[in-house]
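Structure assessment
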Amino acid sequence: MNLVKGGFLLTLASLALVGCGSEESSSNNGSSTGIEGDLSFYTSQPDEDAQKLVDAFTEKYPDVNVQTYRSGTEEVISKIKAEQKAGDVQADVLLVADSVTFEDLKEEDLLLEYKSEELSEIPSNLVDPDGMYAGTKVMATALVANTASVKEMPDSWNVLTDDSAKGKTIMPSPFYSGAAAYNLGVFTRNEAFGWDYFKSLKENEMTVTKGNGAVLQAVADGEKSYGMVVDFIVARAKAEGSPVELIYPKEGVPVITEPIGIMKDAENEAAAKAFVDFVLSEDGQELAAEIGYTPIRKGVDAPEGLQTIDEMNVIGADISELYQAKEDDKKEFETIFGQ
């Protein structure tokens, strides 16, 4: 009887040890975080960059299945508005180009207040004070030039209106690119530019294309000599050997922060908050720098070839005014260029 009893107790002890080992293994692979389920992520980031972000997040939270919808900012927002009208917004987390877009969603009460603990390391002026969204990186719109066709690099936005550049310039459309829509509002409210600048661009046969990627491609291929484009894709292309040069014009550059926010009716609020935390964390910001973006978090260095926010001469405008005038600005742009 004692032998039987002893064997029984030994078996129980062995099972307990196995259980502890399983729990430790579960903790090590991240599946014991308690964060799980489906997460719907809407973004305007390039496909490859969005996938790298999702992969890094799911490595930390393996029980979350992230489903990504990706397009230009204006098309992403059009999809959300259509879903809102149908009474069923599908997105849990939104990461698109600019704060003006988020102001629109905030005004329509579509965002959930969430003040991540990671915000203590993010400049307060790049965060919504009501906790509806926060910037995730620093992205300037600057000039790109083809080094094969341009021998003397310009230092001013005025090169785009110069006779020597007639028919050789290209920019993204504010009807597709959130950055372009933001830039339009900023430039037209700056006394050095205004609407006359855009009329001059039209007169100089500026081509308007769908997005920033198409701008870079046209300049890299030598189809155009100059482009108006977000800085990080130029630095990345140059590092990969493309014949392009990034120029921060002396008059200054408009800057977007590609904010992130949670939709008010998010079905997986816990996973959405974990996703926001990750993007703003040191790990998330180091990933952003590794991909080629200028991080927004203090203490994380910018990639080679890009200026930090402190180095940039930033030109801006009142966010509230930009939000109120956004649609009128696009209509005026259409009057000048067509859509």
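This text gives an overview of the structure that appears in the document. (Residues numbered from 1 in each chain as written. Predicted model: local features only at pLDDT ≥ 70, side-chain atom pairs only at ≥ 80, totals over all residues. Heavy atoms only, no water.)

This part takes up the side chain of Ser173. Looking at where Ser173 falls in the secondary structure, it is placed in the loop between β6 (169–172) and α5 (178–188). For Ser173, a relative accessible area of 9% gives the class buried. A polar contact of 3.0 Å, which involves the side chain of Ser173, links it to the backbone nitrogen of Phe175. Once residues within four sequence positions are removed from consideration, Ser173 is found in contact with Ala180, Val208, Thr209 and Lys210. (Helix = DSSP H or I, 4+ residues; strand = E, 2+ residues; numbered from the N terminus. Buried < 20%, exposed > 50% of the residue type's maximum accessible area, 1.4 Å probe, protein only. Polar contact = N/O pair within 3.5 Å; in protein donor to acceptor, adjacent residues only side chain to side chain. Contact = heavy atoms within 4.5 Å.)

On to the sheet that holds strand β4 (residues 111–112). Strand order in the open sheet made by the five strands is β2-β1-β3-β11-β4, with mixed pairing throughout. Edge positions in the sheet fall to β2 (64–70) and β4, since each has one partner strand and no second. In this structure, strand β3 (residues 93–95) lies alongside strand β11 (residues 260–263), joined through three bridges in antiparallel fashion. From the neighbouring strand, Leu95 faces β11, where its bridge partner is Ile260. (Pairing = 2+ DSSP bridges.)

This next bit is on the pattern of salt bridges. Taken as a whole and judged by the stated rule, the model has 19 salt bridges. Of the charged contacts in the structure, one is a salt bridge between Arg236 and Asp49, with a shortest N-O distance of 3.0 Å. Taken together, the residues span a long stretch of sequence, with Arg236 in helix α8 (residues 231–239) and Asp49 in helix α2 (residues 47–60) at a distance of 187 residues. By relative accessible area, which is 22% here, Arg236 ends up partly exposed. For Glu245, the salt bridge goes to Lys238, with nearest N and O atoms at 3.1 Å. (Salt bridge = Lys/Arg side-chain N within 4 Å of Asp/Glu carboxyl O.)

Next up on the list: the environment of Ala140. Structurally, the position occupied by Ala140 is in strand β5 (residues 137–146). A sequence separation of 25 residues divides Ala140 from Lys115, and the C-alpha atoms of the two residues are 25 Å apart. Look past the residues within four positions of Ala140 in its chain and what remains in contact with it is Val229, Val230, Asp231, Tyr248, Val253, Pro254, Val255 and Met312.

For the structure shown, the criterion picks out 17 aromatic pairs. Their ring planes at 35° and their centres at 5.3 Å tell us that Phe102 and Tyr133 sit as a pair that is tilted. Here Phe102, found in helix α4 (residues 99–107), pairs with Tyr133, found in the loop between β4 and β5; they are 31 residues apart in sequence, far enough to count as distant. One aromatic cluster is present, built from ring pairs that chain together Trp157, Phe175, Phe187, Phe193, Trp195, Tyr197, Phe198, Phe333 and Phe337. (Phe/Tyr/Trp six-rings, centres within 6.5 Å; stacked < 30°, edge-to-face > 60°.)

All right, on to the pairing of strand β1 (residues 37–43) then. Looking down a regular strand, the side chains alternate between one sheet face and the other. In terms of burial, β1 is a largely internal element, five of the seven residues being buried. Running through α2, the crossover from β1 to the neighbouring parallel element β2 is right-handed. Pairing of β1 with β3, which is carried by three bridges, proceeds in the parallel orientation. Across the sheet, Thr43 pairs through a bridge with Leu95, a residue of β3. (Right-handed = clockwise from strand over helix to strand, strands pointing away.)

The next subject is unusual backbone geometry. Phi at Glu205 is positive, roughly 65°, even though this residue is not glycine. Among the structural elements, Glu205 can be located in the loop between α6 (194–203) and β7 (207–209). With a relative accessible area of 46%, Glu205 lands in the partly exposed category. A positive phi angle, close to 40°, is found at Glu258, a residue other than glycine. Considering the arrangement of structural elements, one finds Glu258 in the loop between β10 (255–256) and β11. Using a relative accessible area of 4% as the deciding quantity, one classes Glu258 as buried.

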